Amino acid sequence: MALTRKTFRLKLPSRTLVLGERTVVMGVLNVTPDSFSDGGEFLQPERAIEQAFAIERAGADLLDVGGESTRPGSAETPASIELERILPVLEALHGRLKIPVSVDTRRSTVAEIALRAGAQIINDVSGSKSDPRIAEVAARRDVPLILMHMRGEPRTMQQGGFARDVMSDVLQGLRQSAAIARKAGVAKSQIILDPGIGFGKSFAQNYELLQKLPRLAKLGYPLMVGTSRKGFLGATLARDGKPAPAEERIWGTAATVTASILNGAHIVRVHDVAEMVQVARVADCLLDPKQRPKN
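Structure report, in brief. (Residues numbered from 1 in each chain as written. Predicted model: local features only at pLDDT ≥ 70, side-chain atom pairs only at ≥ 80, totals over all residues. Heavy atoms only, no water.)

1. Quick word on the sheet that holds strand 8 (residues 191-194)
Selection rule: At least two DSSP bridges between two strands are needed for those strands to be called paired. Only DSSP runs of H or I reaching four residues or more are called helices, and only runs of E reaching two or more are called strands; each is numbered from the N terminus.
Across the sheet, eight strands lie side by side as 8-7-6-5-4-3-10-9; this open sheet has parallel pairing. Strands with a single pairing partner mark the edges of an open sheet, and in this sheet they are strand 8 and strand 9 (224-225). With three bridges connecting them, strand 6 (residues 121-124) and strand 7 (residues 145-148) associate as parallel partners. Along strand 7, the bridge assignment pairs isoleucine 122 with leucine 145.

Below you can see the structure in the form of structure tokens.
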């Protein structure tokens, strides 16, 4: 276990976000009809806006808004549709939501418009490989850029062809992503890395990545990890040969969030915000004696 975590300072348009002193909890808001976890529950702008404020009240530090599902087997969504889904939400939240918003997108055009509408972070699940210009947008606007590792494309990424050595594959891929971003002018201090749990990895490899997360920390960037409700947890918690449904993976998620934090994650991306805020608070007490209650 790492049982240690380096401190970083991210520069956002509205504030400086310190990473490492305590775990930052990012709440997920999928404005899509086919997300694996909530199946279109927040596709309507009114429901999405309501949920954004609920996520804030539950204790999230960040809100991640996405208009394209990248679950295994999903087809690509046109940029115009992606914008139709997220823009009304971003515009309604701008100036009203107190926590910063990140936009979950693979496209530079969507990222640029989302930033104009109030987003302050870009979360690119392709690691700037789908559209390298997204790094140019991040550099020009001087906003943090989250680079995630994905092996293959969402439509086919879980159909096999997994890496023989998953940690080496992730390290190599994220080094390439960081190089793309740095070449585009993104400051090293504005880059966050994500190993991409569930994105082109076998169920067993997801656990291996969590176990070996300290190796990824050695690259010198803050880390974000998203395990929330994912398929490998459903397989682990299966009953009678059937995977546990997404809504029954909360305690499994809690175990992986704890492991992520103890192994060096700075940000955890979650659906069940109130529960994972508690998990993060207790896990932080293991990392830092100053966080522990006095008696």
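2. So, the pattern of salt bridges
The condition is simple: Salt bridge, as used here, is a side-chain nitrogen of Lys or Arg placed within 4 Å of a carboxyl oxygen of Asp or Glu. Working definition: with a 1.4 Å probe on protein chains only, accessible area under 20% of the residue-type maximum means buried, over 50% means exposed, and in between means partly exposed.
One pass over the full model with this rule turns up 17 salt bridges. In this structure, arginine 22 and aspartate 61 form a salt bridge, with 2.7 Å as the shortest nitrogen-oxygen distance. Linking arginine 22 in the loop between strand 2 (16-19) and strand 3 (24-30) with aspartate 61 in the loop between helix 1 (45-57) and strand 4 (62-66), this pair joins segments that are 39 residues apart in sequence. Where arginine 116 meets glutamate 112, a salt bridge forms, and the shortest distance between an N and an O atom there is 3.9 Å. Within this pair, arginine 116 and its partner glutamate 112 are both found in helix 3 (residues 108-116), separated by four residues, close to a single helical turn. Of the residues examined, arginine 116 reaches a relative accessible area of 60% and is grouped as exposed. Classification of glutamate 112 by relative accessible area gives buried; the value is 12%. One connected set of salt bridges, linked through shared partners, spans Glu68, Glu82, Arg106 and Arg107.

3. Quick word on the pairing of strand 10 (residues 267-270)
Residues Ile267 and Arg269 line one face of strand 10 and the alternating positions Val268 and Val270 line the opposite face, and both faces are buried. As paired elements, strand 9 and strand 10 share two bridges and run parallel to each other. Each residue of the ladder has a partner; that of methionine 224, found in strand 10, is isoleucine 267.

4. Side note on empty space enclosed by the protein
Rolled over the atoms, a probe with the dimensions of a water molecule shows which regions are left empty. Worth spelling out the cut-off: In the cavity and pocket records, a cavity denotes points on a 1 Å grid over the protein atoms alone where a 1.4 Å probe fits but cannot get out, a pocket denotes an open set with protein on both sides within 12 Å along at least 5 of 7 lines, and lining residues are residues with an atom within 4 Å of a point. Grid points are joined across faces, edges and corners, and a volume is the space filled by probe spheres set on the points. In this count, Pro and Cys sit with the nonpolar residues alongside Ala, Val, Leu, Ile, Met, Phe, Trp and Tyr, while Asp, Glu, Lys and Arg are called charged and the others, Gly among them, polar.
Applying the stated rule across the entire model yields one cavity of 30 Å³ or more. Computed from the structure, the largest cavity encloses a volume of approximately 30 Å³. Surrounding the largest cavity, Gly226, Thr227, Ser228, Lys230, Arg269 and His271 form its lining. Split by residue class, the lining of the largest cavity holds no nonpolar, four polar and two charged.

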